[in-house]
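# Structure assessment
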Amino acid sequence: DIQMTQSPSSLSASVGDTVTITCRASQDIRESLAWYQHKPGVAPKLVVYAASRLESGVPSRFGGSGSGTHYTLTISSLQPGDLATYYCQQYYRTPLTFGGGTKVEI
Amino acid sequence: EVRLVQSGAEVKKPGESLKISCKASGYSFSSYWLGWVRQTPGKGLEWMALVYPGRSQTRYSPSFEGHVTISVDSSVWTAYLQWRSLAVSDTGTYYCARQGADLSDYMDVWGSGTTVIVSS
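Overview of the structure.

## Quick word on the overall build of chain B
A tally of helices and strands in chain B yields zero helices and 11 strands. Counting from the amino terminus, helix and strand elements in chain B follow one another as β-β-β-β-β-β-β-β-β-β-β. Against the globule reference of 14 Å for 120 residues, chain B gives a C-alpha radius of gyration of 13 Å, in line with a compact fold. Along the longest, intermediate and shortest principal axes, the C-alpha atoms of chain B span 40 × 25 × 25 Å. Going through the 120 residues of chain B one by one, you find that 48% of them count as buried. Relative to all contacts within chain B whose residues are 6 or more apart in sequence, the contacts with residues 24 or more apart total 55%. Each charge class in chain B can be summarised by its mean position, and for the 11 positive and 10 negative side chains these summaries are 4 Å apart.

Structure representation (structure tokens):
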């Protein structure tokens, strides 16, 4: 299985800050990487796919980058509504695997 | 609008059986993989299994294979996740999600989740 290591596990930031979350794969996943936002009590929401493509309707404050085994999600100008846990997921090969999650606190 | 509507919360005892459902609408049900993801407080999100309704193909995570069964009824656009014998460790929230036309694809639409509590 491909292991996904996500860091940090949690972070605290202020409104307007820029935050960066990192995800490292145990092997090259050829940019088959998605980021999901998960708020308590609601379904996870796709934010970024193919490492850097923004899902329709997601604010441009969100951005993804990376290749090979190293990927990042950046949230610029952090807003109160961004409070959530963010997960990376590789879909290069089954079993699909998630990172451990990053809880973003405002 | 693409929608996945899941069945309601369940409270069960260890050893009991359970089948939860996920009804799809708004897209070609037979043309996309549909998967199940578990969320537990201690382990975050875990990908469990996939089914391709058009060919009834399935894929399982090794962590769940043999313990759960994924199935579909294409006549009612519904996917199911089934346990023959629940364990306390099966407690969690289960999400269904549309995965895409390819086996290796991201999950773009999610259901609202089914909470399962297994307790004696």
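## Considerations on the pairing of strand β8 (residues 78-83) of chain B
Residue and element names in this part refer to chain B. Burial runs high along β8: five of the six residues are buried. Where strand β3 (residues 18-25) meets β8, six bridges bridge the pair, whose relative direction is antiparallel. Among the inter-strand pairings, lysine 23 is bridged to a residue of β8, identified as threonine 78. As judged from the six bridges shared by strand β7 (residues 68-73) and β8, these two strands associate in the antiparallel manner. By the bridge assignment, serine 71 is partnered in β8 with tyrosine 80. In textbook terms, the turn of a hairpin is the stretch between consecutive antiparallel strands, and for β7 and β8 this stretch comprises four residues, one of which, tryptophan 77, has a positive phi near 50 degrees.

## Some details on the environment of A:Ala84
All names here are of chain A. Among the structural elements, alanine 84 can be located in strand β9 (residues 84-90). Given the relative accessible area of 5%, alanine 84 is considered buried. Residues alanine 84 and proline 40 lie 44 residues apart in sequence; the distance between their C-alpha atoms is 7.4 Å. Once residues within four sequence positions are removed from consideration, alanine 84 is found in contact with Gln37, His38, Lys39, Thr102, Lys103 and Val104.

## Focus: the side chain of A:Thr72
Residue and element names in this part refer to chain A. Mapped onto the secondary structure, threonine 72 falls in strand β8 (residues 70-75). Only 2.7 Å separates the side chain of threonine 72 from the side chain of serine 65, close enough to count as a polar contact. Among residues more than four places away in sequence, those in contact with threonine 72 are Thr20, Ile21, Thr22, Trp35, Gly63, Gly64 and Ser65.

## Comments concerning the environment of B:Glu46
Inspection of the secondary structure puts B:Glu46 in strand β5 (residues 44-52). Separated by 28 residues in the primary sequence, B:Glu46 and B:Ser74 place their C-alpha atoms 25 Å from one another. With sequence-adjacent residues up to four places away left out, B:Glu46 is seen in contact with A:Phe98, B:Trp36, B:Val37, B:Arg38, B:Thr40 and B:Phe64.

What counts and what doesn't
Residues numbered from 1 in each chain as written. Chains lettered and ligands numbered in written order. Predicted model: local features only at pLDDT ≥ 70, side-chain atom pairs only at ≥ 80, totals over all residues. Heavy atoms only, no water. Helix = DSSP H or I, 4+ residues; strand = E, 2+ residues; numbered from the N terminus. Rg over C-alpha atoms; globule rule 2.2 N^0.38 Å. Buried < 20%, exposed > 50% of the residue type's maximum accessible area, 1.4 Å probe, protein only. Contact = heavy atoms within 4.5 Å. Lys, Arg positive; Asp, Glu negative; His and termini not counted. Charge placed at Lys NZ, Arg CZ, Asp CG, Glu CD. Pairing = 2+ DSSP bridges. Polar contact = N/O pair within 3.5 Å; in protein donor to acceptor, adjacent residues only side chain to side chain.

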